[in-house]
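Chain residues, written in single-letter form:
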Amino acid sequence: GELAQKSGAFTVDYARVDVNDPRYRGSDGKPDKAKFEPVVRAVLAEKMSLAALQKYDAVVFANTTGDLPLPDPQGFVDWVKSGKGFIGIHSAADTFNATARTAGFRPYVEMLGAEFKTHGPQVSVDAINQDRDCAACRHLPATWTVFDEIYQMNSFERTKVHGLLTLDQHPNNKTPGDYPIAWMKEFGQGRVFYTSLGHREDIWEPNSPDQKGGFKNTPEVALAYQQHLLGGIRWAVGLEKCDARPQAMK
C-alpha cells in the first residue's frame, strides 16, 4: 500500500486476515485454525473469485504459505495466463508447494517458476544483478549486498525465466552453483515477477521499530528493496517494458 501511495502508479486492495486477532485465538492464546480458516475462506471467496478478479490487473502474494483456499486455483492461474500480472514475494514460493503437510498445486508452481526447497540461517549475500536495464534492478549495483533468509529452490529451470538476481554459490556453505533469488517470466499473455527476498522486517522498512535481533540491513538497503519490488510490480502490470526472454547465466 505504501509503495502504491508513494509511486502513484496503481491502487491496492487487500485480501487478508490477521490470524493474531484475539477473536481467532484458542484457550492457549495461540491462533486457532478452526476459528480463522472460515474467515480466510470467506475473504478469498469475495476477493479472489473469477468474477472479482476481473476488476484487477495483478495479484500479489506477499509472504503467503501453504495451500491457500482459493475459490478456483486453476481459474486463478488461467486468469494470470490470459494477460494479467502476478507478483510473488518470499514465501510465495512455499505456497501450493507439495509437502508432507500440503497437497500442493502444480500449475501454480509452474506459473511461478520454482518452489521452495529449504533455507539455512539468515545471511549476508552479494546478489549478482543480471539485468541492470530492468525496472526491478536498474537502481542496483552490479552486486548488491543484502542480509535475509535466502531460499534454495526446487523445480527451477533457468531456460524458462529471465533472471534478475542470483548467486553463483550457496548462500551459507559457498558451494558453487546456481542459486536464483529473483526473476521474471512471461506466462502465456501474462507476466510473473518473483523475488525470494522479503523475510526480514528491516529489508521491508527503513529503521523498522520491530526488528528482532537488531538491524542487519541499512535504511538504504530497505529503500533499494522497495524500489526492487516497485519495479517488478510496474513491469507485471504493464507500466514498464523489459526484455523478459530467458538469458544465459551471467
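Cut-off values and rules
- Residues numbered from 1 in each chain as written.
- Predicted model: local features only at pLDDT ≥ 70, side-chain atom pairs only at ≥ 80, totals over all residues.
- Heavy atoms only, no water.
- Helix = DSSP H or I, 4+ residues; strand = E, 2+ residues; numbered from the N terminus.
- Rg over C-alpha atoms; globule rule 2.2 N^0.38 Å.
- Buried < 20%, exposed > 50% of the residue type's maximum accessible area, 1.4 Å probe, protein only.
- Contact = heavy atoms within 4.5 Å.
- Areas by Shrake-Rupley, 256 points an atom, 1.4 Å probe, with all protein chains shown as cover.
- Lys, Arg positive; Asp, Glu negative; His and termini not counted.
- Charge placed at Lys NZ, Arg CZ, Asp CG, Glu CD.
- Pairing = 2+ DSSP bridges.
- Polar contact = N/O pair within 3.5 Å; in protein donor to acceptor, adjacent residues only side chain to side chain.
- Disulfide = S-S within 2.5 Å.
- Axes fitted to C-alpha atoms, helices over the stretch in contact; angles between N-to-C directions.
- Expected span 1.5 Å × (residues − 1).
- Arc of directions from axis to C-beta.
- Core = buried A, V, L, I, M, F, W, Y, C linked by side-chain atoms within 4.5 Å.

Visitor: For this particular structure, what's the right way to read the overall build of the protein chain?
Guide: Across its full length, the protein chain holds seven helices and nine strands. In summary, the protein chain has a C-alpha radius of gyration of 18 Å against a globular reference of 18 Å for 250 residues, a match within 12%. The burial tally for the protein chain puts 49% of its 250 residues in the buried class. Once local pairs closer than 6 in sequence are excluded, the contacts in the protein chain between residues at least 24 apart make up 63%. Working note: accessible area of the protein chain is about 12400 Å², and carbon and sulfur atoms make up 50% of it. Of the side chains in the protein chain, 29 bear a positive and 31 a negative charge, and the two mean positions are spaced by 1 Å.

Visitor: Sorry, what's going on with unusual backbone geometry here?
Guide: Note: most residues except glycine have negative phi, and most peptide bonds are trans. Even without being a glycine, histidine 90 presents a positive backbone phi close to 50°. Relative to the helices and strands, histidine 90 is located in the loop between β2 (85–89) and α5 (106–112). Assessed through its relative accessible area of 2%, histidine 90 is described here as buried.

Visitor: What should I look at first to understand the pairing of β2 in this one?
Guide: Consecutive residues of a regular strand have side chains that alternate between opposite faces of the sheet. Of all five residues that make up β2, five are buried, and the element is covered over most of its length. Here β2 shows no split at all, with Gly85, Ile87 and Ile89 on one side and Phe86 and Gly88 on the other all buried. Across five bridges, the pairing between strand β1 (residues 58–62) and β2 is parallel. Within β2, the position partnered with phenylalanine 61 by the bridge is glycine 88. The sheet contact formed by β2 and strand β9 (residues 190–195) spans five bridges and is parallel.

Visitor: Would you mind showing me how to read the side chain of aspartate 202 here?
Guide: By secondary structure assignment, the location of aspartate 202 is in helix α6 (residues 201–204). Residue aspartate 202 is classed as buried on the basis of its relative accessible area of 1%. One polar contact links aspartate 202 to arginine 200, side chain to side chain, over a distance of 3.0 Å. At 2.8 Å, the side chain of aspartate 202 and the backbone nitrogen of lysine 216 are in polar contact.

Visitor: It is not clear to me how the state of the cysteines should be interpreted in this structure. Could you clarify?
Guide: Two cysteines, two sulfur atoms, one covalent bond between them: this is a disulfide. Per the counting criterion, the structure on display carries zero disulfides. Cysteine cysteine 137 remains unbridged, with the sulfur of cysteine 134 as its closest cysteine sulfur at 5.7 Å. With relative accessibility at 0%, the residue cysteine 137 sits in the buried group. Not engaged in a disulfide, the cysteine cysteine 242 finds its nearest cysteine sulfur in cysteine 134; these two sulfurs lie 3.6 Å apart.

Visitor: Explain the sheet that holds β2 here, please?
Guide: Either a parallel or an antiparallel arrangement is found when strands of a sheet pair, and the pairing is made through backbone hydrogen bonds. Taken in spatial order, the seven strands of this open sheet run β1-β2-β9-β8-β7-β4-β5, and their pairing is mixed. With partners counted over all chains shown, the strands left at the sheet margins are β1 and β5 (143–148), one partner each. Within this sheet the neighbouring strands show an average axis-to-axis angle of 25°, counted without direction. Across the sheet, helix α7 (residues 219–236) lies against β2, β5, β7 (162–169), β8 (176–187) and β9, angled at about 165° from β9, the strand it touches most.

Visitor: What am I meant to see in helix α2 (residues 33–47) here?
Guide: Because an α-helix packs 3.6 residues into every turn, residues spaced three or four apart end up facing the same way. Between its first and last C-alpha atoms α2 spans 20 Å; for 15 residues at 1.5 Å apiece the expected length is 21 Å, and the two agree. Of all the residues in α2, the buried ones are Phe36, Val43, Leu44 and Lys47. Down the axis, α2 shows its buried residues gathered within 95° of arc, on one side only. Residues of α2 that are exposed and point more than 90 degrees away from the buried face comprise Ala34 and Glu46.

Visitor: Looking at this model, I keep getting lost on the nonpolar core. Mind explaining?
Guide: Note that soluble globular proteins tend to have their nonpolar side chains buried in a common cluster. Ranked by internal contacts, the top residues of the largest apolar core, which has 35 residues, are Trp144, Leu164, Leu165, Ile181 and Leu197. Breaking this core down by element, the ones donating at least two residues are α1 (2–7), β2, β4 (123–129), β5, β7, β8 and α7. Here leucine 197 is in contact with Ile89, His90, Trp144, Val146, Asp148, Ile150, Leu165, Ile181, Ile203 and Tyr225, once residues within four sequence places are set aside. Counting 30 residues, the second largest nonpolar core, distinct from the first, contains Val59, Phe61, Leu70 and Ala93.

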